[in-house]
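Reading the structure
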There are 2 protein chains.
Amino acid sequence: MPILAFKLNSNLFLRDPQSSELGQKIIEHSVDMVDRLGFDEFTFRKLGAEIGSPEASIYRYFENKHRLLLYLIDWYWTWLDYRIEFRNQNVKSAAERLRNCIQLLVEEKAFDPDIPFMDEQKLQRIVNSEFEKTYLTRNVDSDNKEGLFLPYKGVCKKVAALIKEINPKYMFPHSLASTIMLSANHQVYYAMHLPSLTDIKKDSKRKHSELVDFLQGIVINTISARNK
Amino acid sequence: MPILAFKLNSNLFLRDPQSSELGQKIIEHSVDMVDRLGFDEFTFRKLGAEIGSPEASIYRYFENKHRLLLYLIDWYWTWLDYRIEFRNQNVKSAAERLRNCIQLLVEEKAFDPDIPFMDEQKLQRIVNSEFEKTYLTRNVDSDNKEGLFLPYKGVCKKVAALIKEINPKYMFPHSLASTIMLSANHQVYYAMHLPSLTDIKKDSKRKHSELVDFLQGIVINTISARNK
DNA sequence: GCGTTTATGATAGCATTACTATCATTTTTG
DNA sequence: CAAAAATGATAGTAATGCTATCATAAACGC
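Presented here is an overview of the structure given in this document. Remember, it's a predicted structure, so these values are computed and weren't measured experimentally. (Residues numbered from 1 in each chain as written. Chains lettered and ligands numbered in written order. Predicted model: local features only at pLDDT ≥ 70, side-chain atom pairs only at ≥ 80, totals over all residues.)

**Brief notes about the overall build of chain A**
Operational definition: We count a stretch as a helix when DSSP gives it H or I for four or more residues in a row; a strand needs E for two or more, and each element gets its number in order from the N terminus. The size measure is the radius of gyration over C-alpha atoms, and the globule rule it meets is 2.2 Å times the number of residues to the 0.38 power. Exposure criterion: with C-beta atoms placed from backbone coordinates, a residue whose C-beta has 20 or more other C-beta atoms within 10 Å is buried, one with 12 or fewer is exposed, and one in between is partly exposed.
For chain A, the count of helices and strands is 10 helices and zero strands. Starting at the N terminus, the α and β elements of chain A follow one another as α-α-α-α-α-α-α-α-α-α. The C-alpha radius of gyration of chain A comes to 19 Å, within 12% of the 17 Å expected for a compact globule of 228 residues. With 228 residues in all, chain A has 39% of them scored as buried.

**Digging into the environment of A:Lys169**
Mapped onto the secondary structure, A:Lys169 falls in the loop between α8 (150–166) and α9 (173–193). As a C-alpha pair, A:Lys169 and A:Arg99 span 70 residues in sequence and 20 Å in three-dimensional space.

**With respect to the protein's contact with DNA strand C**
Here is the rule: Only the C-beta atom matters for nearness: placed from the backbone, it must lie within 6 Å of the molecule or strand for the residue to count as near. Residues are grouped as follows: Ala, Val, Leu, Ile, Met, Phe, Trp, Tyr, Cys and Pro are nonpolar; Asp, Glu, Lys and Arg are charged; all remaining types, including Gly, are polar.
With respect to spatial proximity, 14 residues lie near DNA strand C, and among them A:Leu22, A:Ser53, A:Pro54, B:Ala56 and B:Asn64 are the closest. At the level of elements, α3 (55–59) of chain A together with α3 (55–59) of chain B are the ones that each hand at least two residues to the surface near DNA strand C. When residues of the surface near DNA strand C are assigned to their parent elements, the largest contribution, three residues, is made by α3(B). When its residues are assigned to classes, the surface near DNA strand C shows five nonpolar, five polar and four charged.

**Comments concerning the interface of chain A and chain B**
Selection rule: Residue pairs are scored as contacts if the distance between their C-beta atoms, which are placed from the backbone, is within 7 Å.
Chain A puts 43 residues into the contact, and the matching count from chain B is 43 residues. Secondary structure elements with two or more residues in the side of chain A that touches chain B: α6 (120–130), α7 (140–145), α8, α9 and α10 (207–223) of chain A. At 11 residues, α9(A) tops the list of elements feeding residues into the side of chain A that touches chain B. Partitioning the side of chain A that touches chain B into residue classes produces 16 nonpolar, 17 polar and 10 charged.

**Re the protein's contact with DNA strand D**
By nearness alone, 14 residues border DNA strand D, and A:Ala56, A:Asn64, B:Leu22, B:Ser53 and B:Pro54 come closest of all. Of all elements in the fold, only α3 of chain A together with α3 of chain B reach the threshold of two or more residues within the surface near DNA strand D. Among the elements that make up the surface near DNA strand D, the one with the highest residue count is α3(A) (three residues).

**With respect to the relation of the copies chain A and chain B**
To keep things clear, this is the line we draw: Residues reaching a pLDDT of at least 70 in both copies supply the C-alpha atoms on which the copies are superposed by least squares.
Taken as rigid bodies, chain A and chain B are interconverted by a rotation of 180° and an axial shift of 0.0 Å, the fit giving an RMSD of 0.0 Å. Such values leave the two copies arranged in the relation of a two-fold axis. When C-alpha positions in chain A are compared against the rotation axis, the closest is assigned to A:Asn221, at 2.7 Å. Interface overlap between copies: 100% of the residues of chain A at the interface are likewise at the interface in chain B, consistent with a symmetric, same-surface contact.

**Details of the nonpolar core**
One recurring pattern in soluble globular proteins is that nonpolar side chains are buried together. Spelled out, the test is: By convention the nonpolar core is taken to be a set of buried residues drawn from Ala, Val, Leu, Ile, Met, Phe, Trp, Tyr and Cys and joined through C-beta atoms within 7 Å.
The biggest cluster of nonpolar side chains holds 130 residues, and the ones touching the most others in it are A:Leu72 and B:Leu72. The residues contacting A:Leu72, other than those within four sequence positions of it, are A:Val31, A:Leu123 and A:Ile126.

**Describing unusual backbone geometry**
Positive phi, normally seen in glycine, also occurs at A:Asn90, with a value near 65°. Here A:Asn90 falls in the exposed class, since 4 other C-beta atoms lie within 10 Å of it.

What follows is the structure in structure tokens.
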């Protein structure tokens, strides 16, 4: 049994995958497969074949593959939220806490052996290329009512609060927070696939610190501007 | 025959839909249907039923529905590019040209009767909620090689050039351009569906000018910051 | 330890999707 | 007016996204 576990919204699943061996196998292999095949090519049939269980068994855990994706994505943001809290303990300066957030948003994650069935590195790649598919659907509103986007919104709220703390007069803290969060993911994706949309170089060793500088530059200059 | 037409990349289609009545019907009704149903629920079968033509006939124009989406999205960015050129004619100040770009990115579009089979208002809503699906696929790289993202990249390049013109020392003009272009769309979507991620209010009459202020604030403050 | 929930396996089936193929008919055009 | 091109009509096929049923195995309650 894992040392660390996140309690995720129970609307995400029919049966909690963390509670059984099969459930954990479903998570572990779906992370691997979505990373390899992409979410669109990923199917419960293929997943079943890979873990040697019938498709129908997977449907006992997740209503459909979209919920499974939401589960993975929610896991990611819950985990990031946890890491932000951890990192910012006893850090007094709001500016420093904000910088830490940006750092954590961008930072390349490593596999955390505390949670053996979750590969955080693969998960981050999934977030980079599949995240927006969670809410760009006809079910946004009902999914939202069920609280399925709370982990992401939570992190956004946290970043927005820091912005507000640094400059209480700034009018768009949530918009700025969601903008840089999205950009953090997209710039990485662009660097890999659509390089003319970014100045971040795929091969650069400083890639991640460049991206941090870029985002940090936006946030700090935007909120600390003298109101003309 | 339309007065105005855009020449789009011929890799997008098998037969040019602008060249025939059926083709134009395909475009007109797919814009309507994708706007109504969302891209995921949209199928060639349903489209065929709606225009009274067999599914197979549509496949003679477009290889698959993803290409059709790309066609619509490419149309949008080509059209926006054209409008930017038009608006910025004889405008000397780079700052003003940049502001015009942001304005045009955000501005609510109206139906342009010059192109009777293209409803720009619906098209803009499609871009807001479906754009990223064009490149968040396993085919990004091959699609990119075929030049299918050129119109979007073109607008991004134009905005980046203006940023560079205003501050030649700024290190991330393309990243900043793509960030605000993406944000322009997302903030509108958030306002409608995930309001806690934005400060733009759905019902506000000043909604669009608020969003312009937000984006303008980011860009100007970011690039005109004195290098500390 | 025994009976009963509970979870999984095995297999089947079904409507829809995303195409492809064929052939007849209409329209265009050289 | 004949040949070519575009469309219609219809069929078919593999894969997807499920749902249903029944048997078996594991766990759990007393």
